[in-house]
Amino acid sequence: MAIPPPLGLLAELTHRCPLRCPYCSNPLDLERRAAELDTATWLRVFDDAASLGVLHVHLSGGEPAARADLVALTRGAAQAGLYTNLITSGVGLDRVRLEQLVDAGLDHVQLSIQDVLEDAADRITGLPGAHARKRAVARDVVALGLPLTINAVVHRGNIDRVEAMIAEAVALGARRIEVAHVQYYGWALRNRDALLPSAAQVAAVREEAVERARGGHRGTLVIDYVAPDYFARYPKPCANGWGRRSLNVTPSGKVLPCHAAESIPGLTFWTVRERPLRDIWERSPAFTIFRGMDWMREPCASCPRKSVDFGGCRCQAFALTGDARNADPVCTLSPMNSLVRSIAGTERGREQTPAYRTFARVPFS
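Right, let's walk through the structure included here. In this numbering scheme, every chain counts its residues from 1 along its sequence in written order. Per-residue local features are limited, in this predicted model, to residues with pLDDT of at least 70; the limit for side-chain atom pairs, both in listing and counting, is 80 or more; totals at the level of whole chains, interfaces and linings are taken over all residues. Side-chain metrics rest on all non-hydrogen atoms present in the structure, leaving aside hydrogens and water.

Right, let's get into the environment of Pro354. We count a stretch as a helix when DSSP gives it H or I for four or more residues in a row; a strand needs E for two or more, and each element gets its number in order from the N terminus. When you line up the elements, Pro354 lands in the segment after helix H14 (337-345). Remark: exposure states derive from per-residue accessible area (1.4 Å probe, protein chains only) relative to the maximum for the residue type, with buried under 20%, exposed over 50%, and partly exposed in between. The exposure class of Pro354 is buried, given its relative accessible area of 13%. Separated by 331 residues in sequence, Pro354 and Tyr23 have C-alpha atoms that sit 8.9 Å apart. Setting aside its immediate chain neighbours within four residues, Pro354 contacts Pro22, Asn191 and Ala194. The contact criterion used throughout is that any non-hydrogen atoms of two residues lie within 4.5 Å.

Laid out in structure tokens, this is it:
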């Protein structure tokens, strides 16, 4: 079977991060600085990606600004012919470094915000002053002529201020905002009871706040909305199908079909330290195991939606049912959908303190 090339590469340059967000989707066991790929290896990965057919690279983390060679990596990706998107908290960037990134060929910046209330935003990140620094970075990004996307991560603690976060994106000069509910993997799964909003809150945001804002900002701001899986009727086509459109390289060089794939036990991940990217994309067992539809069980195997959502999310199927081959239980056609309905319907106290990561802060260098 001919394997079409991936379109996007998520380059996790580092797991180092100055923030401690309790919904972090990075793995519970982070890769340490000593294990990170060096500059030359990342540049080879970018060249391999372009040769494979990848069109754009997302420079991510952790916080990619923790890498002292971020400018060199950006330049190498741009020279390889890749569209470069920097996914950042903004911490570790200033006007001078942004100017260097622009000169290196950076095409776009995606900046996360946690709230519009400074105290609430800083409390979620665990870093005093973070929100003010993010605002300053956003203004510098726009002043330098770079397109800016704001990523607003939504949870129970800030869901009532979604419209205000959209207005903040407009005030900062963003061209796009992604209103994205927390996806419950990694650290976020551990904090689900503290973060998951109610069904009424989700409906109000989707049907009222987002649609009202789209009407008010039409032609000024593109508003994308990422719904929480637990309140959906059908699952999302995770990564547009396992091993179909994108791939992820971890800080140490392991290549994953999706960001959370390491949460599934028993998968073997090949590394760019030992194999070329094309070989991994086409033949790695971690990619082939759920590629296509032959792996599907019922009800997915005979479902007319199997080419739409590809059975949903394998990582979520494992997290909630214990078996990655099961239908994503978010789907109302899944025999295990009652698990999700029970979680979504549980009444939770409004004030719960999430658990924060406690690993030592790592230096920027």
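Along the chain, Asn85 falls in strand S3 (residues 83-88). Ignoring any residue separated from it by four or fewer positions in sequence, one finds Asn85 in contact with Val57, His58, Leu59, Leu106, His108, Val109 and Gln110.

Once that is clear, we can look at the environment of Gly312. Locating Gly312 in the fold gives a position in the loop between helix H12 (306-309) and helix H13 (314-321). Note: C-alpha distance between Gly312 and Tyr225 (87 residues apart in sequence) is 18 Å. When sequence neighbours within four positions are dropped, the list of residues in contact with Gly312 reads Pro235, Lys236, Cys238 and Asp328.

What follows is about the packing of helix H2 (residues 70-79) against helix H3 (residues 95-104). Lines fitted to C-alpha atoms define the axes, with helix axes restricted to the stretch in contact, and inter-axis angles between N-to-C directions lie between 0 and 180 degrees. At a minimum axis distance of 8 Å, the contact between H2 and H3 shows a crossing angle of 20°. Here H2 is positioned roughly parallel relative to H3, judged by the angle of their axes. Handedness of the crossing formed by H2 with H3: right-handed. Contacts from Leu70, Val71, Thr74, Arg75 and Ala78 in H2 reach Arg97, Gln100, Leu101 and Ala104 in H3. Taken together, the residues of the contact of H2 with H3 break down into five nonpolar, two polar and two charged. Each angle is binned into one of four classes, with values under 35 degrees roughly parallel, values over 145 roughly antiparallel, values of 65 to 115 roughly perpendicular, and all other values oblique. What makes a crossing left-handed is the near helix being turned counterclockwise from the far one by less than a right angle; a clockwise turn instead makes it right-handed. Think of it as three bins: nonpolar holds Ala, Val, Leu, Ile, Met, Phe, Trp, Tyr, Cys and Pro, charged holds Asp, Glu, Lys and Arg, and polar takes everything else, Gly as well.

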